[in-house]
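One-letter residues, chain by chain:
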Amino acid sequence: MDAALVIHYIRPFVGREKLAMESFQDAMTFFAKQAADGLCEPPVAYSGVDGGMMIIHGERMALFEMTIGKEFHRVMGKASFASDGL
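Everything numeric in this text was worked out from a predicted model, so none of it was measured.

1. Thoughts on the sheet that holds strand β1 (residues 3–9)
Across the sheet, three strands lie side by side as β1-β3-β2; this open sheet has antiparallel pairing. Strand pairing shows two members of the sheet lacking a second neighbour, β1 and β2 (44–48), which therefore form its edges. Pairs of neighbouring strands in the sheet enclose a mean axial angle of 15°, with direction left out of account. In the sheet, β1 pairs with strand β3 (residues 51–58) via seven bridges, with the strands oriented antiparallel. Bridging from a neighbouring strand, L5 pairs with I56 of β3. Here helix α1 (residues 17–36) sits on the sheet in contact with β1, β2 and β3, set at roughly 10° to β3. Together, β1 and β3 form the strand contacts of helix α2 (residues 60–67), whose direction differs from that of β1 by roughly 40°.

Calculation notes
- Residues numbered from 1 in each chain as written.
- Predicted model: local features only at pLDDT ≥ 70, side-chain atom pairs only at ≥ 80, totals over all residues.
- Heavy atoms only, no water.
- Pairing = 2+ DSSP bridges.
- Helix = DSSP H or I, 4+ residues; strand = E, 2+ residues; numbered from the N terminus.
- Axes fitted to C-alpha atoms, helices over the stretch in contact; angles between N-to-C directions.
- Contact = heavy atoms within 4.5 Å.

Okay, here's the thing in structure tokens:
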């Protein structure tokens with residue numbers, strides 16, 4: 001593994017906390033499926049009082065291919081609607 005995708009977020013927007021939790025689960029599921037297919041390592045999540053991050057290690061081109069796919073954009077679009085600072 002020669003690269004990592006780091007997704008940082010701050011807090012959910014007020015009133016969108018449930019959506020933020022759903023989108024976090026969607027992201028974890030998406031990257032877990034990619035890891036099961038051998039495209040990356042399983043995601044590692046860190047969280048604290050002011051937000052958190054998700055780190056996904058993998059090969060540079062495999063990570064790039066993931067980020068240009070429709071499913072990645074769907075997951076990230078939902079997350080950016082729910083959480084600040086994504």
